[in-house]
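If you want the building blocks of each chain, they are given just below.
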Protein chains: 2
Amino acid sequence: MDQKQHEYWMQRAIDLSIQNVDRGGGPFGAVIVKDGQLIAEGYNQVTLLNDPTMHAEVSAIREACKKLNTFDLSGCVIYTSCEPCPMCLGAIYWARISEMYFANTKQDADSIGFSDEFIYKELAKPYSQRSLKTYQLMREKALAAFEKWRLKEDKIEY
Amino acid sequence: MDQKQHEYWMQRAIDLSIQNVDRGGGPFGAVIVKDGQLIAEGYNQVTLLNDPTMHAEVSAIREACKKLNTFDLSGCVIYTSCEPCPMCLGAIYWARISEMYFANTKQDADSIGFSDEFIYKELAKPYSQRSLKTYQLMREKALAAFEKWRLKEDKIEY
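Cut-offs used in this document
- Residues numbered from 1 in each chain as written.
- Chains lettered and ligands numbered in written order.
- Predicted model: local features only at pLDDT ≥ 70, side-chain atom pairs only at ≥ 80, totals over all residues.
- Heavy atoms only, no water.
- Core = buried A, V, L, I, M, F, W, Y, C linked by side-chain atoms within 4.5 Å.
- Buried < 20%, exposed > 50% of the residue type's maximum accessible area, 1.4 Å probe, protein only.
- Contact = heavy atoms within 4.5 Å.
- Least-squares fit on C-alpha atoms with pLDDT ≥ 70 in both.
- Helix = DSSP H or I, 4+ residues; strand = E, 2+ residues; numbered from the N terminus.
- Pairing = 2+ DSSP bridges.
- Right-handed = clockwise from strand over helix to strand, strands pointing away.
- Buried area = accessible area lost by both parts, 1.4 Å probe.
- Salt bridge = Lys/Arg side-chain N within 4 Å of Asp/Glu carboxyl O.
- Nonpolar A, V, L, I, M, F, W, Y, C, P; charged D, E, K, R; others polar.

1. Some words on the nonpolar core
In this structure, Ile32, Ile61 and Leu73 of chain A together with Ile32, Ile61, Leu73 and Ile97 of chain B are the most contacted members of the largest nonpolar core, which totals 81 residues. The residues contacting Leu73 of chain B, other than those within four sequence positions of it, are Ile32, Ile61, Ala64, Cys65, Leu68, Ala95, Arg96 and Ile97 of chain B.

Below, the structure written as structure tokens:
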């Protein structure tokens, strides 16, 4: 795709982010495109749906997977109005999206009160220094599930 | 809660992870508990639902928020059979869960073919060195949504 097309899709993501403020949601929008065709749109629905995972990117990924009937979005491009938080960037990797364009940065999000940058910093810390109290227990018992998975012959890997 | 209670809930998360392999899903389970009561259970449903975001923790968080009718799980504890990936750990932070217990590690997950550790490493790299091709564009235009949010008087912050 040429630069004009990238700008066209990013403008769509930005439009969604602006419209969402009127709707009462956070100022974030995203679109997923494949082979020059729009596959899905998403916008922040955390407070609208009482679902803290419904960021614009996660919402677009869920919609795209439903539409394409797959958990694998290889070959898709995501345009998001803001640099994704760790949750959304993780989701982008799990969905195997091939390319990402973003506009606002996590520092911009921070400056209007969103925790994106804080969460990036937390993830980079050792457990003992995180604000989330974190403990490990019963690894030996839990490994049984992994062993069962390893031995399963008809598993669907992803 | 005393150690026995933590072990009780972790055993439940481990049981869910083992059962899920029989169900055809990934070997991961999670439970969310508040004030000693079970609020929600989750298990990996990526391939079952064609939704790459439906890891055990995300699935438990969505269920807990539905049940408690809120996007804020402050005071809740999550027990997960495996150390969360960046997506799930981000979701745990966004949901404001207060405490986390995990059993298997991301290295254990890596050893049976899951990308958790790979994604952690990717997030720590600068954009130019990531496997996900990443570009920034149109920040000036996207800031309009943030400015609109900043000025909105009746917004629901989270």
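2. Some thoughts on the relation of the copies chain B and chain A
Rotating chain B by 180° and moving it 0.0 Å along the rotation axis overlays it on chain A with an RMSD of 0.0 Å. The two molecules are tied by a two-fold rotation axis, judged by turn and shift. Within chain B, Met87 of chain B has its C-alpha nearest the rotation axis, a separation of 1.8 Å. When you check the interface residues of chain B against chain A, 100% turn up at the interface there too, and the contact is symmetric in its surfaces.

3. Quick word on the pairing of strand E4 (residues 99–104) of chain A
Consecutive side chains of a regular strand alternate in pointing toward one face of the sheet and then the other. Buried residues dominate E4 of chain A, accounting for six of its six residues. As paired strands, strand E3 (residues 76–82) of chain A and E4 of chain A are joined by five bridges and run parallel to one another. Looking across to E4 of chain A, one finds that Cys82 of chain A is bridged to Asn104 of chain A. The parallel pair E3 of chain A and E4 of chain A is bridged by helix H4 (residues 86–94) of chain A, and the resulting crossover is right-handed. Of the pairings in the sheet, the one linking E4 of chain A to strand E5 (residues 133–136) of chain B comprises four bridges and is parallel in character.

4. A few points about the interface of chain B and chain A
Residue-level contacts link 87 residues of chain B with 87 residues of chain A. Taken together, both faces of the contact between chain B and chain A bury some 8100 Å²; the carbon and sulfur share is 68%. Taken together, the connections running from chain B to chain A amount to eight salt bridges. Between Asp51 of chain A and Arg62 of chain B there is a salt bridge whose closest N-O contact spans 2.9 Å. In terms of residue class, the side of chain B that touches chain A is built from 47 nonpolar, 24 polar and 16 charged.

5. Remarks on the pattern of salt bridges
Applying the stated criterion across every chain yields a total of 22 salt bridges over all chains. Across the pair Lys133 of chain B and Glu99 of chain A runs a salt bridge whose closest N-O atoms are separated by 3.7 Å. One end of the pair, Lys133 of chain B, is in strand E5; the other, Glu99 of chain A, is in strand E4, on a second chain. Residue classification places Lys133 of chain B among the partly exposed positions, given a relative accessible area of 43%. Residue Glu99 of chain A is classed as buried on the basis of its relative accessible area, which comes to 15%. A salt bridge links Lys106 of chain B to Glu83 of chain B; the shortest N-O distance between them is 3.2 Å. Note that Lys106 of chain B is positioned in helix H5 (residues 106–111) and Glu83 of chain B in the loop between strand E3 (76–82) and helix H4 (86–94), a separation of 23 residues in sequence. With relative accessibility at 19%, the residue Lys106 of chain B sits in the buried group. Given a relative accessible area of 5%, Glu83 of chain B falls into the buried group.

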